[in-house]
Amino acid sequence: MTPTPIACADKLSKFYGPTRAVEDCTLEVYPGEVLGLLGPNGAGKTTLLRLWMGFLRPSGGQARVQGLDCWTQRRQVHQRLAYLPGEVRLFGPMTGKAVLELLSGLHPRGRLSLALHLAQMWQLDLTVRVDRASSGMRQKLALAYVCSVDVPLVLLDEPTSSLDPDARAEVLQYVRHLRDQGRAVVFSSHVLSEVERVSDRVAILHQGRLRCVETVERLRRRRLLVVRLQEEAFPDRLPEQVRLVRQEPGCWHLEVPQVDRQVLNWLAQWPVQHLEVSSLGLEELYHRVVEDRKR
Amino acid sequence: MNWRLWWYCWTRHAGSGTASVGVLAVFHFLFVWMTSLVDLGYLGVFLRLGIRLPLQGILPIPLEQVATPQGMISLTWMDAVVVLVVSAWAVARGSDVVSGPLDRGELEWLLALPVSRLEYFAAQVGTALVWLGKLALGGWLGTALGVWWFEFSEVSALALAPAALNLWGLSTLVYALAVGFSAPGRYRRRTLGAVAAVYVVQLILKVLARMSPWKWLAWTTFFGLFEPAWMVHQAQPWKECAVYTVPLVLGAGVLLVWSGWVFVRRDLPAPA
């Protein structure tokens, strides 16, 4: 049985005049998964998250959370999600503790004790005013609140951008903990290794369009074959599961979902001199998607 | 109703609001004290000799009335300090309804909560209107205390209450104007610039209407409805207060409803 998505974008678009920030995006997020959202600057990641938040009115299509329309039923939607914005500024003149008290108090599912516990775990000084705290401290403070709210969906827009390596590791660990609790997390980031580490699926946006959605497990199984030939040869037809990534004189770069008998039998037809097999990885996929579109 | 949200908005106004109430109360008290030091009889001598002062045209009430304690004290309500403090507070808070917190990145935190935009808007505006009332009340209490302290038996503090109400009407309209520019805006500095420009133009029109032969200019400025000193000397001050203040409040109401409508429907971009 197909699980019911907790959030979905259905042919979702957002235009600013001639600029197409998000175009025709269809995507689903399921409970108990971390969806990594990738894309270069201006790809539309933040716009997509803000459409789910109901901050922006869609130009076309619909964003929904648990079946509720994110624009017309914002208030009900916000009872079901927590959101970390890309640039965390919070409330300048307030202390960290006052911010946690305010936000946890205003959200019916806010849990102040957990927020304070997370702040302590992440070594935050809650007596410092927000406008005197470093950007990393502000981000940790915001994360302490967002992660403490008892909601089924958490939207994180570049949650580790200002954090040191230790804090990043702790946050990633907590994101996995949220997933293990059955919550859905949308994790937008530029750091490919982080996304690969924490996500169950990745979605790559480029120029406002959703270019690729792939599970990390399948991604890990995908292989890149570099095949060097004794003579120049050109395959007139490739097997269904084989994709030609690049072709140079006497050398093919092929992508396969896995190296199986069928692939090896096909390769055996050719005068192969040298064969390299490597994992495709998210980085390769990301660059391929982005570079392909640039070309 | 989300009382925590109302309390948050209330406390956001509290610092500058309390300071402004204090300034207005003290200023009104000091003005009464200064009036007690002036021998108004000398002014009466000028008037009897038929000497006209050069700035008479700009005064809201005839010089004969200025020569009385009640007339002199009523001028406080049009003093530049009072109008400036009240207007500055109204513009500062009005610009901080949408474009201010949006600019600072606070609004997205509040609106990410299960709080409707209308609820947030109502809490901001509702608490600010009460604080504007406190500002006018602070001024009136300062006057009342001064009148009692300096034993002005011929002055009635209650008779000056319509002036306080008229000041509240003006501050409400200025606040609504700032909210009107803030609701569709993204940057607070632009909101402040736009409101300041409108305010200055309206003020110039008021001065022109009073000093020039073009009296009809008073109809082109909301300051035309701000006559607190004049109304307390009329036969029916409360009626005049209603005639002048109700349009100010209605205008503010229209602007606020429009602003709320815009705010509920607008996009909220990420802070720049």
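Since the structure is predicted, the reported quantities are computational estimates derived from the model, not experimental observations.

Caption draft 1: Representation of the overall build of chain A. In terms of helices and strands, chain A carries ten helices and 14 strands. Over its C-alpha atoms, taken along the principal directions, chain A stretches across nearly 70 × 40 × 40 Å. Counting the 295 residues in chain A, one finds 51% classified as buried. Contacts spanning at least 24 positions in sequence make up 66% of the contacts within chain A whose residues lie at least 6 apart. Looking at chain A as shown, the accessible area adds up to about 13,600 Å², and 45% of this sits on carbon and sulfur atoms. Positive and negative charge centroids in chain A, built from 40 and 34 side chains respectively, lie 6 Å apart.

Caption draft 2: Inspection of helix H5 (residues 135-148) of chain A at higher detail. Counted at 1.5 Å a residue, the expected span for H5(A) with its 14 residues is 20 Å, and the 20 Å between its end C-alpha atoms agrees. Counting buried positions along H5(A) yields twelve of 14 residues, so the element is predominantly enclosed. Listed in full, the buried residues belonging to H5(A) are Gly136(A), Arg138(A), Gln139(A), Lys140(A), Leu141(A), Ala142(A), Leu143(A), Ala144(A), Tyr145(A), Val146(A), Cys147(A) and Ser148(A). The inward-facing, buried residues of H5(A) abut strand S6 (81-84), helix H3 (96-106), helix H4 (112-121), strand S7 (153-157) and helix H6 (165-180) of chain A together with helix H7 (107-111) of chain B.

Caption draft 3: Just the packing of aromatic side chains, in detail. All names here are of chain B. With the rule as written, the count across this model stands at 17 aromatic pairs over all chains. Consider the rings of Phe-29 and Phe-150, whose centres lie 5.4 Å apart with planes at 40 degrees: the pair is tilted. Residue Phe-29 is found in helix H1 (residues 3-37), and its partner Phe-150 is found in the loop between helix H8 (117-149) and helix H9 (161-182); the two are separated by 121 residues along the sequence. Exposure remark for Phe-150: the relative accessible area of 23% places this residue in the partly exposed category. Between the aromatic rings of Tyr-199 and Phe-223, the centroid separation amounts to 5.2 Å while the plane-to-plane angle is 80 degrees, which identifies the pairing as edge-to-face. Remark: Phe-223 occurs in the loop between helix H10 (188-211) and helix H11 (228-231) and Tyr-199 occurs in helix H10; sequence separation between them is 24 residues.

Caption draft 4: Local environment of the packing of H3(A) against H4(A). Residue and element names in this part refer to chain A. Running from amino to carboxyl end, H3 crosses H4 at an angle of 150 degrees, the nearest separation of the two axes being 9 Å. Looking at the two axes, H3 sits roughly antiparallel to H4. At the point where H3 passes H4, the crossing takes the right-handed sense. Side by side, H3 and H4 meet where Lys-97, Leu-100, Glu-101 and Ser-104 of the first sit next to Leu-112, Ala-115, Leu-116 and Ala-119 of the second.

Caption draft 5: Seen up close, the pattern of salt bridges. Residue and element names in this part refer to chain A. With the rule as written, the count across this model stands at 24 salt bridges over all chains. One salt bridge in this structure joins Glu-23 and Arg-20, with 2.8 Å as the shortest N-O distance. Note on Glu-23: relative accessible area 16%, which makes it buried. Judged by its relative accessible area of 44%, Arg-20 falls in the partly exposed class. Note that Arg-179 and Asp-200 form a salt bridge whose closest N and O atoms lie 3.0 Å from each other. In this pair, Arg-179 sits in helix H6 while Asp-200 sits in the loop between helix H7 (192-198) and strand S9 (201-206), placing the two residues 21 residues apart along the sequence. Residue classification places Arg-179 among the buried residues on the basis of a relative accessible area of 18%.

Caption draft 6: Geometry of the layout of surface pockets. Residues and elements named next belong to chain B. Of the voids in this model, the largest pocket is the one considered here, and its volume is about 460 Å³. Lining the largest pocket are 17 residues, with Met-78, Asp-79, Ala-80, Val-83 and Arg-210 positioned closest to its centre. Broken down by element, the lining of the largest pocket gets its largest block of residues, five residues, from H10. Taken together, the residues of the lining of the largest pocket sort by class into 14 nonpolar, no polar and three charged. Counted as a void, the second largest pocket has a volume near 330 Å³.

Caption draft 7: Broad picture of the sheet that holds strand S2 (residues 19-29) of chain A. Residues and elements named next belong to chain A. Taken together, the four strands give an open sheet; going across it, the order is S2-S1-S4-S5, and neighbouring strands pair in antiparallel fashion. Either end of the sheet is taken by a strand with one partner, and the two such strands are S2 and strand S5 (68-69). Of the pairings in the sheet, the one linking strand S4 (residues 60-65) to S5 comprises two bridges and is antiparallel in character. Bridging across to S5, Arg-64 finds its partner in Asp-69. In this fold helix H1 (residues 45-53) packs onto strand S1 (7-16), S2 and S4, with an angle of close to 115 degrees to the strand it touches most, S1.

The rules behind each value
- Residues numbered from 1 in each chain as written.
- Chains lettered and ligands numbered in written order.
- Predicted model: local features only at pLDDT ≥ 70, side-chain atom pairs only at ≥ 80, totals over all residues.
- Heavy atoms only, no water.
- Helix = DSSP H or I, 4+ residues; strand = E, 2+ residues; numbered from the N terminus.
- Buried < 20%, exposed > 50% of the residue type's maximum accessible area, 1.4 Å probe, protein only.
- Contact = heavy atoms within 4.5 Å.
- Areas by Shrake-Rupley, 256 points an atom, 1.4 Å probe, with all protein chains shown as cover.
- Lys, Arg positive; Asp, Glu negative; His and termini not counted.
- Charge placed at Lys NZ, Arg CZ, Asp CG, Glu CD.
- Expected span 1.5 Å × (residues − 1).
- Phe/Tyr/Trp six-rings, centres within 6.5 Å; stacked < 30°, edge-to-face > 60°.
- Axes fitted to C-alpha atoms, helices over the stretch in contact; angles between N-to-C directions.
- Parallel < 35°, antiparallel > 145°, perpendicular 65-115°, else oblique.
- Left-handed = near helix turned anticlockwise from the far one by under 90°.
- Salt bridge = Lys/Arg side-chain N within 4 Å of Asp/Glu carboxyl O.
- 1 Å grid on protein atoms, 1.4 Å probe; cavity = no way out; pocket = protein on both sides within 12 Å on 5 of 7 lines; lining within 4 Å.
- Points joined across faces, edges and corners; volume = space filled by probe spheres on them.
- Nonpolar A, V, L, I, M, F, W, Y, C, P; charged D, E, K, R; others polar.
- Pairing = 2+ DSSP bridges.

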